[in-house]
Amino acid sequence: MAEKLFPYRHRTLGAIRNAGLHLHAFCLNPGCGWDADLDIGTLIERLGRQHSAMQPDLVPLLVCSRCGGKDIAVALSGTEEVPTETAEHVRQAWKRPRDKST
Ligand SMILES: [Zn+2]
């Protein structure tokens, strides 16, 4: 059985900070491809330590700083930099099945 790449054991922003982990955001806009380490400190200041760090709760709050898109994926990461391979995996995994007509 394949192990999940990003298990969500850390369900709040405070838990992520305590664990020294990072949240990485990926723009899913094909023409953009921006990705960045989210500033947990800023998120906690704005939302509080108890705010959920689960994707459905965070993603609606995020906007791509490059293209302004709202189509964002979030992944938990142990480091500030996410390897290209991992970024690609996240983008593939998050692709929404919405353009099937073409
Ligand atoms: Zn973008």
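Residues numbered from 1 in each chain as written. Predicted model: local features only at pLDDT ≥ 70, side-chain atom pairs only at ≥ 80, totals over all residues.

## Things to note about the overall build of the protein
Then, in step 1: Helix and strand counts for the protein come out as 4 helices and 3 strands.
Then, in step 2: Going residue by residue from the N terminus, the α and β elements of the protein occur as α-β-β-α-α-β-α.
Then, in step 3: Burial analysis of the protein (102 residues in total) assigns 19% to the buried set.
Then, in step 4: Long-range contacts, defined as pairs at least 24 residues apart, comprise 72% of the intrachain contacts of the protein with a sequence gap of at least 6. (Helix = DSSP H or I, 4+ residues; strand = E, 2+ residues; numbered from the N terminus. Buried ≥ 20, exposed ≤ 12 C-beta atoms within 10 Å, placed from the backbone. Contact = placed C-beta atoms within 7 Å.)

## Looking at the environment of Ser-52
Then, in step 1: Residue position: Ser-52 is located in the loop between helix 2 (40-47) and helix 3 (55-58).
Then, in step 2: The residues touching Ser-52, leaving out its near neighbours within four places in the chain, are Arg-11, Thr-12 and Asp-57.

## With respect to the nonpolar core
Then, in step 1: Within the largest apolar cluster, 15 residues are counted, with the highest numbers of intra-cluster contacts made by Leu-23, Ala-25, Phe-26, Ile-72, Ala-73, Val-74 and Ala-75.
Then, in step 2: Broken down by secondary-structure element, the contributors of at least two residues to this core are helix 1 (13-18), strand 1 (22-27) and strand 3 (72-77).
Then, in step 3: Residues within four places of Val-74 in sequence aside, it is in contact with Leu-23, Ala-25, Gln-55, Leu-58 and Val-59. (Core = buried A, V, L, I, M, F, W, Y, C linked by C-beta atoms within 7 Å.)

## A few points about the sheet that holds strand 2 (residues 35-38)
Then, in step 1: Spatial ordering of the open sheet is given by 2-1-3, a layout of 3 strands whose pairing is antiparallel. The open sheet has two edge strands, strand 2 and strand 3, and neither has a second partner. On average, adjacent strands in this sheet sit at an angle of 25 degrees to one another, irrespective of strand direction.
Then, in step 2: Here strand 1 pairs with strand 3 via 6 bridges, running antiparallel. Bridge assignment links Ala-25 to a residue of strand 3, and that residue is Val-74.
Then, in step 3: Strand contacts of helix 4 (residues 84-94): strand 1, strand 2 and strand 3, with the helix running at about 135 degrees to strand 3, the strand carrying the most contacts. (Pairing = 2+ DSSP bridges. Axes fitted to C-alpha atoms, helices over the stretch in contact; angles between N-to-C directions.)

## Thoughts on the confidence of the model for the protein
Then, in step 1: Chain-level statistics for the protein give a pLDDT mean of 86 and a share of 85% at 70 or above.
Then, in step 2: Predicted confidence in the protein is weakest over helix 4, with a mean pLDDT of 86, and strongest over helix 2, with 96. (pLDDT = per-residue confidence, 0-100.)

## Here's the deal with the environment of Leu-47
Then, in step 1: Tracing the sequence through the fold places Leu-47 in helix 2.
Then, in step 2: The exposure class assigned to Leu-47 is partly exposed, which follows from the 16 C-beta atoms found within 10 Å.
Then, in step 3: As for Leu-47 and Leu-13, which are separated by 34 residues in sequence, their C-alpha atoms are 8.6 Å apart.

## Some remarks on the environment of Asp-37
Then, in step 1: If you trace the backbone, Asp-37 turns up in strand 2.
Then, in step 2: Separated by 37 residues in sequence, Asp-37 and Val-74 have C-alpha atoms that sit 9.6 Å apart.

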